Amino acid sequence: MSSSVVLEKRKKINLKALLIDKLKMLIFILIMGSLASALLTTLDDYTKVLEERNVELFFHGKVLSALNLDDGSRDVAEAFQANITIEQIDGRTLYRDSSGAIAFKFSGGGLWGPISGIVALNPDLTIIEGLAILEQQETPGLGGRIAEDEFLQRFRGVSVDPELVILPARRSAVNPNEVDGITGASMTGDFLSDMINKAIKEVRDQLGVS
Amino acid sequence: MTKFIYRLIYTKPFALLKDGLWKNNPIITTVLGICSALAVTNKVENGIAMGLAVTFVVMASSAITAAIRNLIPQRIRMVTYMLIISTFVISVDLFMKGYVPDISRALGPYVALIITNCIVMGRAEAFASKSSVKFSILDAMSHGLGYTFVLLAISSIREFLAFGTIMNINIAGNSWTNWVVMSSAPGGFFVLAPIVWAVRSLQQDVDVEIEQHLPAPIKPATTIAATKPGASL
Amino acid sequence: MPSTLNIFLATILTHNIALTYILGMCPIIGVSKNISTAVGMGVSVVFVITVTSLINWPIYHLILVPTGSEVLALLVFILTIAASVQLLEMLLEKFLPTLYMAFGIFLPLITVNCTVLAVSLFMVLREYNLTQTAVFSLGSSLGWLLAILLVSGIREKLNLVGDVPRGLQGAGIVMIILGTLALGFMGFSGMVDL
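Rules of the game
- Residues numbered from 1 in each chain as written.
- Chains lettered and ligands numbered in written order.
- Predicted model: local features only at pLDDT ≥ 70, side-chain atom pairs only at ≥ 80, totals over all residues.
- Heavy atoms only, no water.
- Helix = DSSP H or I, 4+ residues; strand = E, 2+ residues; numbered from the N terminus.
- Rg over C-alpha atoms; globule rule 2.2 N^0.38 Å.
- Buried < 20%, exposed > 50% of the residue type's maximum accessible area, 1.4 Å probe, protein only.
- Contact = heavy atoms within 4.5 Å.
- Buried area = accessible area lost by both parts, 1.4 Å probe.
- Salt bridge = Lys/Arg side-chain N within 4 Å of Asp/Glu carboxyl O.
- Polar contact = N/O pair within 3.5 Å; in protein donor to acceptor, adjacent residues only side chain to side chain.
- Nonpolar A, V, L, I, M, F, W, Y, C, P; charged D, E, K, R; others polar.
- pLDDT = per-residue confidence, 0-100.
- Phe/Tyr/Trp six-rings, centres within 6.5 Å; stacked < 30°, edge-to-face > 60°.
- Lys NZ or Arg CZ within 6 Å of the ring centre and 35° of its normal.
- Pairing = 2+ DSSP bridges.

A. Just the overall build of chain A, in detail. For chain A, the count of helices and strands is 4 helices and 7 strands. Each helix and strand of chain A, placed in order from N terminus to C terminus, yields the pattern α-α-β-β-β-β-β-α-β-β-α. Relative to its length of 210 residues, chain A is extended, with a C-alpha radius of gyration of 29 Å against a globular reference of 17 Å. Along the longest, intermediate and shortest principal axes, the C-alpha atoms of chain A span 105 × 40 × 35 Å. Across the 210 residues of chain A, 40% fall into the buried class.

B. Highlighting the interface of chain A and chain C. The interface is formed by 12 residues belonging to chain A together with 10 residues belonging to chain C. Both faces considered, chain A and chain C share a buried interface measuring about 980 Å² in area, 67% of it formed by carbon and sulfur atoms. Counting the surface chain A buries against chain C, the share from its top three residues, L40, L111 and W112 of chain A, is 51%. On the surface where chain A and chain C come into contact, there are 0 salt bridges. There are 0 residue pairs in polar contact (both at pLDDT 80 or more) connecting chain A and chain C. Tallying contributions element by element places helix α1 (residues 2-66) of chain A first for the side of chain A that touches chain C, with 5 residues. Here the residues of the side of chain A that touches chain C sort into 5 nonpolar, 6 polar and 1 charged.

C. Broad picture of unusual backbone geometry. Of note, the amide linkage connecting D161 of chain A to P162 of chain A takes the cis form, showing an omega dihedral of 0°. Residue position: P162 of chain A is located in the loop between α3 (149-153) and β6 (165-166). Positive phi is not limited to glycine here, since N68 of chain A has a value of about 55°. Tracing the sequence through the fold places N68 of chain A in the loop between α1 and α2 (76-83). Notably, N168 of chain B is not glycine yet its phi reads approximately 65°, a positive angle. With respect to the element layout, N168 of chain B can be found in the loop between β1 (165-166) and β2 (169-170).

D. Main features of the confidence of the model for chain C. Residue and element names in this part refer to chain C. Residues with a pLDDT of 70 or more make up 98% of chain C, whose mean pLDDT is 87. By mean pLDDT, the top-scoring element of chain C is helix α8 (residues 130-161) (93), and the lowest-scoring one is helix α6 (residues 107-110) (76). For this predicted complex, the interface confidence reaches an ipTM of 0.85, while the overall pTM sits at 0.82.

E. Main features of the packing of aromatic side chains. For the structure shown, the criterion picks out 10 aromatic pairs over all chains. In this structure an aromatic cluster arises from ring pairing among F59, F80 and Y95 of chain A. The positively charged end of K43 of chain B is found above the aromatic ring belonging to F163 of chain B, 4.8 Å away from the centroid. Residue placement shows R105 of chain B over the ring face of F58 of chain A; its charged tip is 3.7 Å from the ring centre.

F. How the structure looks around the pairing of strand β5 (residues 128-135) of chain A. Residue and element names in this part refer to chain A. Where burial is concerned, most of β5 is hidden: 6 out of the 8 residues are buried. Relative to β5, strand β4 (residues 114-121) runs antiparallel, the two being bridged by 6 bridges. Counted as the bridge partner of S116 is E135 from β5. In sequence, β4 turns back onto β5 through a hairpin of 6 residues, with L125 there showing a positive phi of about 60°.

G. Structural view of the interface of chain C and chain B. Counting residues at the interface gives 55 residues for chain C, matched by 51 residues for chain B. Taking both partners together, chain C and chain B bury about 4600 Å²; carbon and sulfur atoms supply 80% of that area. When the area that chain C buries against chain B is broken down by residue, the three leading residues are I22, V112 and M175 of chain C, summing to 14%. Here chain C is connected to chain B by 0 salt bridges. Counting across the chain C and chain B interface gives 1 residue pair in polar contact (both at pLDDT 80 or more). Elements with a minimum of two residues in the side of chain C that touches chain B: α2 (25-30), α3 (35-64), α4 (73-95), α5 (97-103), α6, α7 (114-125) and α9 (171-186) of chain C. Counting residues per element, the side of chain C that touches chain B draws most heavily on α9 of chain C, which supplies 10 residues. Its residues placed into classes, the side of chain C that touches chain B shows 36 nonpolar, 15 polar and 4 charged.

Shown next, in the form of structure tokens:
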């Protein structure tokens, strides 16, 4: 009789100890969690401004390089401020420089992931002034070379009338609307020319140029 | 002088350094954290950035873990480690986005995935949870640097073969033909495998399998024994 | 936005999470000695990834985004993963003991499998909706299962042939197998668009 009472008592104490133990764990994790969140939120507030500025600078730098205004000697923010006027048409942003050349963003799917970039055209939208790549995940060394200056330079002065053609590597450009492709990356080339042509067509429609 | 060197070799800090850099090198011997070691090492600069990021995270989280090791309730210690680790990883991610955007863009989501890099968790569980802050930091540093050195080796080989450059400086000349495969995923495996082979042959210490180094699951010891491959299911 | 079928095929073939993104390597190297353990690990991963990403999606879009605390996303994700793995383990043990006997032992190891966190992370980065997330997580995890199955199959056959040099045994040979497989999977590139 007495032994069972003792057992009962011990059980109760154990239960209490268990509860306290659980409570301790909960409090511990709550304290740690709120400490961590407080720290991160503060840090985020601090770095968010910097991060947004970096993203904007990167984008503006690419716009400048597509319009061939990127001579490297000036501050990107300053050069952008001085040369570019921004126009909004039907949800698309156009970047115009002092000579009237227009740059805008294009994007689409590539071989491995999304490709996006900026193409700059002359005022009557017939000749490419320059091209810049914002984002690509193509095979490094093959399709990935679309982001290299050497390849991007090939587009300068190329006609887009009626549309841009990126040739397979074994043929070289004859017509004014053709560009030499990259060896081993003909699919990336096709994707790229498709998305550029699509964007140009849309802008032509929006501006009423045919 | 020789006496001095001998005495140095047998001190604890030296043993800790040797452990991380050579004997239990995280990538080569214990094969931990190789996802990032393979995914971001096609350029030397990315490899160094990744290595330093991991070194910082493992040092910081080991230090904190060691400092509060007597407060952590036993049953929820894994969750606590994760909380500490992810806090530091997110901080590193934010810092990189703010101050070195180019490298942050190149490493992409792999910075965030340091959270599940088993090296960090492994050090917290295996060492920092039962050692002083001072030695935990040293131990974390040696493992972090051991990881960084291997990343440096892999990325130098890969960048040289894939682009003919090291740190973006052309050293192979213009007649060099780029080995395109080296810059993509399979290249990483093909470079790391011979390195592992060579080092393990030198160490004469072959049969180290990964399960022993993963943080012990929160389970009774008897069930863990059954996880060994080969146990019939 | 890609169609759901596209996402499903792409995550298995062209954007295989193990062989293209090189994620979840630790378990592939650690538990691929024979096919039966590999299947056990793979199936548990499929289950955990699908469940956790379907829990994480609402948490991110219904709680974190409205309160402007996206920065805590990773922290919340990893805690959700740890908690749901633990819960899953307890539920299995209680209600499906046979299943628990087969797969329960792999569950604690999955918390540190980077694939699980990566799927939740990619779902946010690629701005998937709930249906796409479901398909994406199922596809990715099946892709991972395929990878570990291929590796363990090759390893078993390789054991029959024998003669792997001592230093190359274990991790080394798995890396070479994985490299070859990754090279093979590069052949799928361009088949489906993600």
